Amino acid sequence: MSSPLLWDIFCKVIDNHGDLGVCWRLARQLAGRGQRVRLWVDDASALGWMAPTGCPGVEVRPWTQPLDLSGLTPGDVLVEAFGCEVAPEFIAACAEWTRARSQKYAWINLEYLSAEPYVERNHGLMSPVMHGPGVGLTKYFFYPGFTLRTGGLLREADLLQRQARFDRAAWLQHLGITPQPQARWISLFCYEPQALPELLDQFAAQTQPVHLLVAAGRASVAAQAVVASKIQREPSWNQRQVLSISYLPYLTQDDFDHLLWACDLNFVRGEDSLVRALWAGRPFIWQIYPQHDNAHHDKLEAFLAQIEAPVSLRRFHRSWNGVDAQPLPAPDLAAWGDTARRARQSLLAQPDLVSQLLEFVDRIHR
C-alpha cells in the first residue's frame, strides 16, 4: 500500500465484549502497520481494562445517535464489524464524499468467524448498494477463516517472539499466585455451561493437583455459584484440596494471552478467545456462542472437522456445549495438545487477516 489510509471501524458491543475485542485487535494491528484508525463504538467502557494504555494511531470515538460528524470527513476505508449497521448519516457522508472525489470507496463488511463451507464461497463478494443513504457505493464481504480461500485470522507479527520470552512463574507471581509444584494449570473462560458442576467434580477427583484460573465476569460468577452450591450440599466437597481456584481480575488483551500460555488446558468462549487459544498452541475446549435455532451446532462440528479433532475432543466439545447429554470424558491432554499444535502450525503458514485486508483494500482502490 503506497500511503497510509484512514480507517473507520464501527463496532456495537452486544453483551460479552467479544466484538469489541476483535475490533480493538484489528485497529491496533492496522495502526502497527502505519495506518490511521478511528474506532467508533457505542460502549467503549471495556477498553478501560482491555486496553488501558490505548494505542498510538487509534482514536476511539463515541457512536452516538445521531452520530456527531461535526468537522469530520469520512476516511478511506469503512469497516462494518459483524453486521452492526453503520449509522446512516455516516453512510450518506461516505456516498457524498466519494461522488465528490470520483474515487472508489472501500466499504468492508467484516463477518463472523466460521469454518463452514459458505465462508470460502462468500469471501470477497461484492454487493452494490441500490437504495438508501449509501446508494452508489459497493459493500465487500470479508470473511475471517481457517483456509487459504478465506481472510485468515488476526495475528501479530511478534506473536511467536512474545511467546518464547514468556515466564509463567513470574507472571503468576505478578498476579499474586504462588506456583504449585506438580499442579496442572487450567484456565476457565466460559458462559454458564450446564456441565460446569460436572467439570469441577472431575477436577476435584484428580490425583494430581489442579489450579483453576477463572476469568472475571460471567465465568467467575458461574464458577463461584457452583462451588457455593456444592459446599452447601456437601461441606466435605474437595476435602483433599486437590482443586485450587483463583478468581482473576479483568485482564488486558496481552495478559489474556499470558493466561492461555500459562495453562496446560484452556477453556475459551466466543470468537476472539478461540483465535487466541489457537495461537497459544495448548489443549483447549471451545464454548461456542449459542444460537436459538441451534445453528451453532453445525458451526461447532465444522470447526472440529477443520482441526481434525480426535474422538475424545469432539465428545468433550459436544457435552460442554450441550449438543448432547453425555458425561464429560476424561481430558486427553497429549492428543488434544497434538491437535492444537498441528492446527497452529497450519494457520501460521497462512497470511494473517490484516495483511490480507490491506491487500484487499488496495485492490479496491486501484
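Each remark here, short or long, concerns the structure printed above.
Residues numbered from 1 in each chain as written. Predicted model: local features only at pLDDT ≥ 70, side-chain atom pairs only at ≥ 80, totals over all residues. Heavy atoms only, no water.

Student: What is the right way to look at the layout of surface pockets in this model?
Tutor: A water-sized probe rolled over the atoms picks out the places where empty space is left. Of the pockets and cavities examined, the largest pocket occupies roughly 930 Å³. Every residue lining the largest pocket is counted, 40 residues in all, and those nearest its centre are Asn-16, Gly-18, Tyr-191, Gly-270 and Glu-271. Looking at the lining of the largest pocket, the elements that each hand over two or more residues are helix H1 (18-32), helix H2 (47-50), helix H9 (253-262), helix H10 (272-280) and helix H11 (295-306). Across the lining of the largest pocket, the residue classes tally to 21 nonpolar, 10 polar and 9 charged. Looking at the second largest pocket, its volume works out to about 310 Å³. Forming the boundary of the second largest pocket are 17 residues, of which Pro-193, Gln-194, Trp-320, Asn-321 and Gly-322 lie nearest the centre. (1 Å grid on protein atoms, 1.4 Å probe; cavity = no way out; pocket = protein on both sides within 12 Å on 5 of 7 lines; lining within 4 Å. Points joined across faces, edges and corners; volume = space filled by probe spheres on them. Helix = DSSP H or I, 4+ residues; strand = E, 2+ residues; numbered from the N terminus. Nonpolar A, V, L, I, M, F, W, Y, C, P; charged D, E, K, R; others polar.)

Student: Where do I start with the pattern of salt bridges in this structure?
Tutor: Pairing between side chains of opposite charge can happen when the charged atoms of each approach one another. This structure, assessed with the given rule, holds 21 salt bridges. Between Arg-25 and Glu-156 there is a salt bridge; the shortest N-O distance is 3.8 Å. Here the residue Arg-25 occupies a position in helix H1, and Glu-156 occupies one in the loop between strand S7 (138-142) and helix H5 (159-165), the gap between them amounting to 131 residues. The buried category is assigned to Arg-25, whose relative accessible area is 2%. Residue Glu-156 is classed as buried on the basis of its relative accessible area of 14%. Residue Arg-276 is joined to Glu-156 by a salt bridge in which the shortest nitrogen-to-oxygen separation is 2.9 Å. One end of the pair, Arg-276, is in helix H10; the other, Glu-156, is in the loop between S7 and H5, and 120 residues separate them in sequence. Considered together, Arg-276 and Glu-156 belong to a single accessibility category, that of buried residues. (Salt bridge = Lys/Arg side-chain N within 4 Å of Asp/Glu carboxyl O. Buried < 20%, exposed > 50% of the residue type's maximum accessible area, 1.4 Å probe, protein only.)

Student: Please clarify how the sheet that holds strand S9 (residues 210-214) should be interpreted in this entry.
Tutor: The pairing of strands in a sheet comes from backbone hydrogen bonds and takes either a parallel or an antiparallel form. Pairing is parallel in the open sheet, where 5 strands are placed in the order S10-S9-S8-S11-S12. Every interior strand has two partners, whereas the edge strands, strand S10 (243-247) and strand S12 (284-287), have only one. Each neighbouring strand pair of the sheet contributes to a mean axis angle of 15°, computed without reference to strand direction. Sheet topology note: the strand S11 (residues 265-269)/S12 ladder contains 4 bridges and is parallel. Across the sheet, Arg-269 pairs through a bridge with Gln-287, a residue of S12. Lying over the sheet, helix H12 (residues 311-320) contacts strand S8 (184-188), S11 and S12, oriented at roughly 35° with respect to S12. (Pairing = 2+ DSSP bridges. Axes fitted to C-alpha atoms, helices over the stretch in contact; angles between N-to-C directions. Contact = heavy atoms within 4.5 Å.)

Student: I would appreciate a short explanation of the packing of aromatic side chains in the present structure.
Tutor: Under the defined criterion, the tally for this structure stands at 20 aromatic pairs. With 6.5 Å between their ring centres and 75° between their planes, Phe-203 and Phe-267 make a pair best called edge-to-face. Of this pair, Phe-203 sits in helix H7 (residues 196-204) while Phe-267 is found in strand S11, placing the two residues 64 residues apart along the sequence. Classification of Phe-203 by relative accessible area gives buried; the value is 2%. One aromatic cluster is present, formed by Phe-203, Phe-267, Phe-316, Trp-320 and Trp-336 through successive ring pairs. Positioned above the aromatic ring of Trp-63, the side-chain terminus of Lys-12 is 5.2 Å from the ring centre. (Phe/Tyr/Trp six-rings, centres within 6.5 Å; stacked < 30°, edge-to-face > 60°. Lys NZ or Arg CZ within 6 Å of the ring centre and 35° of its normal.)

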